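Here are the chains, one letter per residue:
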Amino acid sequence: MWLTCSSIGRKFVMALTGTCLVLFLTFHVAMNAVALLWPTAYNSICGFLGANWYALVASMGLALLFVIHIIYALWLTLQNRRARGTDRYKVTAGTPGVEWSSKNMLVLGIVVLAFLVVHLIQFWAKMQLAEIISHDPASWDVVNGAPAAPEFGTLYIQLAFGCIWTPVIYIIGFIALWFHMNHGIWSMLQTYGWNNDIWMKRLKCIGLWWSSIVVGLFVLQAVVFSVLAHKNYYTTDMALQEQYSEYWAERAETLNEELTARFAHAMKNAPEDGDRNQALAAFFTSPECAQFVAAAKTISEAAAKQCPDLTIPAVESLAQSAADVEQSIEYAKSVMPNQNN
Ligand code: HEM
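Residues numbered from 1 in each chain as written. Predicted model: local features only at pLDDT ≥ 70, side-chain atom pairs only at ≥ 80, totals over all residues.

## Describing the environment of L113
Now for step 1: Mapped onto the secondary structure, L113 falls in helix α6 (residues 105-122).
Now for step 2: For L113 and P313, which are 200 residues apart along the polypeptide, the C-alpha to C-alpha distance reads 46 Å. (Helix = DSSP H or I, 4+ residues; strand = E, 2+ residues; numbered from the N terminus.)

## Here's the deal with the site of the ligand
Now for step 1: As a structural note, the neighbourhood of the ligand is formed by 23 residues, with S59, F123, M127, Q128 and Q221 the closest of them.
Now for step 2: If you list the elements that add at least two residues to the shell around the ligand, you get α2 (7-37), α3 (39-49), α4 (53-84), α6, α7 (125-133), α8 (153-161), α9 (165-191) and α10 (197-230).
Now for step 3: Residue contributions to the shell around the ligand peak at four residues, all from α10.
Now for step 4: Of the residues contributing to the shell around the ligand, the split by class is 16 nonpolar, seven polar and no charged. (Near = placed C-beta within 6 Å. Nonpolar A, V, L, I, M, F, W, Y, C, P; charged D, E, K, R; others polar.)

## Quick notes on the nonpolar core
Now for step 1: W248, I299 and V315 are the most contacted members of the largest nonpolar core, which has 68 residues in total.
Now for step 2: Residue contributions to this core peak at eleven residues, all from α9. (Core = buried A, V, L, I, M, F, W, Y, C linked by C-beta atoms within 7 Å. Buried ≥ 20, exposed ≤ 12 C-beta atoms within 10 Å, placed from the backbone.)

## Some thoughts on helix α15 (residues 313-335)
Now for step 1: Under the 1.5 Å per step criterion, the end-to-end length of α15 is 33 Å for 23 residues, consistent within 8% with the ideal 33 Å.
Now for step 2: The set of residues buried in α15 consists of A314, V315, L318, A322, V325, I329 and A332.
Now for step 3: On its buried side, α15 packs onto α12 (238-268), α13 (275-284) and α14 (287-306). (Expected span 1.5 Å × (residues − 1). Contact = placed C-beta atoms within 7 Å.)

## Observations regarding α12
Now for step 1: Taking 1.5 Å per residue, 31 residues should reach 45 Å; α12 reaches 44 Å between its end C-alpha atoms and fits that length.
Now for step 2: Those residues of α12 lying buried are L240, Q243, Y244, Y247, W248, A249, R251, A252, L255, N256 and L259.
Now for step 3: At its buried positions, α12 is contacted by α3, α8, α11 (233-236), α14 and α15.

## Focus on unusual backbone geometry
Now for step 1: Phi is positive for N144, which is not a glycine, with a value near 55°.
Now for step 2: Looking at the secondary structure, you find N144 in the loop between β1 (142-143) and β2 (146-147).
Now for step 3: Here N144 falls in the partly exposed class, since 16 other C-beta atoms lie within 10 Å of it.
Now for step 4: For N232, which is not glycine, the phi dihedral falls at a positive 55°.

## Thoughts on the packing of α2 against α9
Between two packed helices, the angle of one axis relative to the other and the distance separating the axes together describe the packing.
Now for step 1: At their nearest, the axes of α2 and α9 sit 9 Å apart, and the two run at 125° to each other. Here α2 lies oblique to α9, going by the angle between them. Relative to α9, the crossing made by α2 is left-handed. Judged by residue contacts, K11, F12, A15, G18, T19 and V22 of α2 engage M181, G184, I185, M188 and T191 from α9.
Now for step 2: Classifying every residue of the contact of α2 with α9 by side-chain character gives six nonpolar, four polar and one charged. (Axes fitted to C-alpha atoms, helices over the stretch in contact; angles between N-to-C directions. Parallel < 35°, antiparallel > 145°, perpendicular 65-115°, else oblique. Left-handed = near helix turned anticlockwise from the far one by under 90°.)

## Focus on the domain arrangement of the chain
Now for step 1: When its domains are assigned, the chain resolves into domain 1 (2-232) and domain 2 (239-339).
Now for step 2: Contacts between domain 1 and domain 2 engage twelve residues on the former and nine residues on the latter.
Now for step 3: Examining the composition of the side of domain 1 that touches domain 2, we find that three residues originate from one element, α3, more than from any other.
Now for step 4: The residue makeup of the side of domain 1 that touches domain 2, split by class, is seven nonpolar, five polar and no charged. (Domains from an automatic or database assignment.)

So, in structure tokens, the structure goes:
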């Protein structure tokens, strides 16, 4: 097949996947700009995308693009090395900066990939992957002593950029990305056929501006996120606290409703005579009641730590229910001594 068998076909695949990755990065930097200017809106977008099917399809498509781009990069490099020693690309550039990048695209790509691995561990694994794996707060990463829901990108920005080494690693990755993108954009446009004398200069200019704007914005974002994270902005800002509190209120309401429904169900099935008290005691000594108390405590503690300046009625009501259930458990254990565990 032309795309795999011929050298120009393979370059075309590199150009096509490269174009998609450049578009992804342009979209990504715009998303980060939302986090910078309007953090609550950013969290809403993260919540909307989350681990929904459309976000998963997009993520898998993106992963496939990266994999194809990397495999073809290795393939082309090996092929060029075999054919022409250390010359990596068929067309060499005129300006010294571009020439250096063109000769080091593989190394630059590897540095970007190393950055990407760290980045995905810091964000994707704790957000989308965590949401796929579990909805239990006990399994999420902890920010300021409270579990951070995967949909709150701002809490993960706090966690990542609160570390002193994060901006350092990111800036190294961004420098490599700038060189890689700068040459990549020019090279891919050339592969599409815009390689006459007039277009050559324009393409270099387009590559330079595009990569500089995108990477420049990433650098700016990393610096601002680091400064704000060190001021604990993402855990103290009132608008964000209110957004986090809505989340915990919703979970508290759901849990309370679940308990009420289970209690109603147990009572409906209980006999009408004296055995009714037995059924009541059996309900309170059941594992689901103990699980309810544990889950309610996790939510109450998380809400108190994540929204310290707010009172959340639904969470307070949940805490009250948990205290009542705990009392009933103790009482049930005393009347049913064989159910002590
Ligand atoms: C200041 C710089 C950056 C910040 C703050 C940032 C932030 C984020 C966040 C919060 C996510 C998780 C989104 C989610 O799973 O819901 C993410 C995902 C991702 N980021 Fe970044 N990012 C930055 C730079 C970059 C760069 C330079 C690259 C590529 C070279 C990159 C590639 C990715 C990829 C591939 C994903 C996974 C996307 C998906 O699963 O759909 N990021 N980033």
